[in-house]
Amino acid sequence: EAQVTQNPRYLITVTGKKLTVTCSQNMNHEYMSWYRQDPGLGLRQIYYSMNVEVTDKGDVPEGYKVSRKEKRNFPLILESPSPNQTSLYFCASSSRDPREAFFGQGTRLTVV
Amino acid sequence: AQSVTQLDSQVPVFEEAPVELRCNYSSSVSVYLFWYVQYPNQGLQLLLKYLSGSTLVKGINGFEAEFNKSQTSFHLRKPSVHISDTAEYFCAVSGPGGGADGLTFGKGTHLIIQP
């Protein structure tokens, strides 16, 4: 089954404690992205990747890092989480053609 | 740069009534347009997409949308809604850069179906 898998689904952490949210896709997609969803703001792109070792900033990259060492994986790293990063995070992947994004189930992160 | 405006944050509709969710976009280049649905506590699921060709696009669950280039709109419609359609709906636009510029989303419209 074609899918994007995020882990964990829920995470509560403390300010400053480094964390990683994993994302893996099994569709051999070139493109992968991270979004955060906040009430009233919709989804905003954090980072995206066009292929292995190729990443670029989205609209709200501050406080986040990503890496793309393998085509299937695109982890999101918060080196020093802060309460304003409390949000619902989605990973997505897509091929160039057809241009359709597949989304993971989301990770609800709470930073206290 | 591209942007998406969903004109209504909430739309209450009675069951079996028709509904239209409005979406306008702005972009300096040709675009691809999408509608996604998010059911409670779930990820986003693609409803339909416009890439090229016919401006009337049919999607899943009886939804359809019409691309209007002159009005820069991509409104979503359904002739008769059901309780199960209660969800958040997002309009999104993608540029022609092969996905490199990603999807830009609107802020969402919460469709509330009243019995």
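Presented here is an overview of the structure given in this document. What you see is a predicted model; the values in this text were computed from it and never measured. (Residues numbered from 1 in each chain as written. Chains lettered and ligands numbered in written order. Predicted model: local features only at pLDDT ≥ 70, side-chain atom pairs only at ≥ 80, totals over all residues. Heavy atoms only, no water.)

**What about the interface of chain B and chain A?**
Right, on to step 1. Taken together, the 25 residues of chain B in the interface contact 21 residues of chain A.
Right, on to step 2. Of the roughly 1,800 Å² buried at the junction of chain B and chain A (both faces included), carbon and sulfur atoms supply 53%.
Right, on to step 3. Linking chain B with chain A are one salt bridge.
Right, on to step 4. A salt bridge links A:Glu100 to B:Lys49; its shortest N-O distance comes to 3.3 Å.
Right, on to step 5. Linking chain B to chain A there are four residue pairs in polar contact (both at pLDDT 80 or more).
Right, on to step 6. Of all the elements in the fold, those that place two or more residues in the side of chain B that touches chain A are β5 (32-38), β6 (44-50), β10 (87-94) and β11 (103-105) of chain B. (Contact = heavy atoms within 4.5 Å. Buried area = accessible area lost by both parts, 1.4 Å probe. Salt bridge = Lys/Arg side-chain N within 4 Å of Asp/Glu carboxyl O. Polar contact = N/O pair within 3.5 Å; in protein donor to acceptor, adjacent residues only side chain to side chain. Helix = DSSP H or I, 4+ residues; strand = E, 2+ residues; numbered from the N terminus.)

**Some details on the pairing of strand β5 (residues 42-51) of chain A**
Residues and elements named next belong to chain A.
Right, on to step 1. Most of β5 is tucked away: seven of the ten residues are buried.
Right, on to step 2. Taken together, the seven bridges between strand β4 (residues 31-38) and β5 define a ladder with antiparallel strand orientation. Opposite Arg-36, over in β5, you have Arg-44 as the bridge partner.
Right, on to step 3. Taking the residues between adjacent antiparallel strands as the criterion, β4 and β5 are bridged by three residues, where Gly-40 takes a positive phi near 80°.
Right, on to step 4. Where β5 lies against strand β6 (residues 54-57), four bridges are found, and the strand directions are antiparallel. (Buried < 20%, exposed > 50% of the residue type's maximum accessible area, 1.4 Å probe, protein only. Pairing = 2+ DSSP bridges.)

**Some words on the packing of aromatic side chains**
Right, on to step 1. In the structure shown here, the tally under the stated rule is twelve aromatic pairs over all chains.
Right, on to step 2. Note on A:Phe103 and B:Tyr36: the rings are 5.3 Å apart at their centroids and 80° apart in plane angle, and the pair reads as edge-to-face. Taken together, the residues A:Phe103 in strand β10 (residues 102-103) and B:Tyr36 in strand β5 connect one chain to another. (Phe/Tyr/Trp six-rings, centres within 6.5 Å; stacked < 30°, edge-to-face > 60°.)

**Some points on the sheet that holds strand β8 (residues 76-78) of chain A**
Residues and elements named next belong to chain A.
Right, on to step 1. With antiparallel pairing, four strands are arranged side by side in an open sheet as β1-β3-β8-β7. Across the chains shown, the open sheet's two edge strands, defined by having one partner strand only, are β1 (4-7) and β7 (65-66).
Right, on to step 2. Bridge count between β7 and β8: two bridges; the pairing is antiparallel. Across the sheet, Val-66 pairs through a bridge with Leu-76, a residue of β8.

**Quick word on the state of the cysteines**
One way to say it: the disulfide is the covalent bond shared by the sulfur atoms of two cysteines.
Right, on to step 1. According to the stated counting rule, one finds two disulfides over all chains in the structure shown.
Right, on to step 2. What pairs with A:Cys23 in a disulfide is A:Cys91, and their sulfur atoms sit 1.9 Å apart. Negative torsions about the S-S bond denote left-handed disulfides, and the value of about -70° found for A:Cys23 with A:Cys91 makes this one left-handed. Of this pair, A:Cys23 sits in strand β3 (residues 19-25) while A:Cys91 sits in strand β9 (residues 87-94), placing them 68 residues apart in sequence.
Right, on to step 3. Looking at A:Cys23, the relative accessible area reads 2%, which means it is buried.
Right, on to step 4. Note on cysteine connectivity: B:Cys23 is disulfide-linked to B:Cys91, with sulfurs 2.0 Å apart. Across the S-S bond of B:Cys23 and B:Cys91 the torsion is about -65°, and the bridge reads as left-handed. Placement of the pair is B:Cys23 in strand β4 (residues 23-27) and B:Cys91 in strand β10, with a sequence separation of 68 residues. (Disulfide = S-S within 2.5 Å.)

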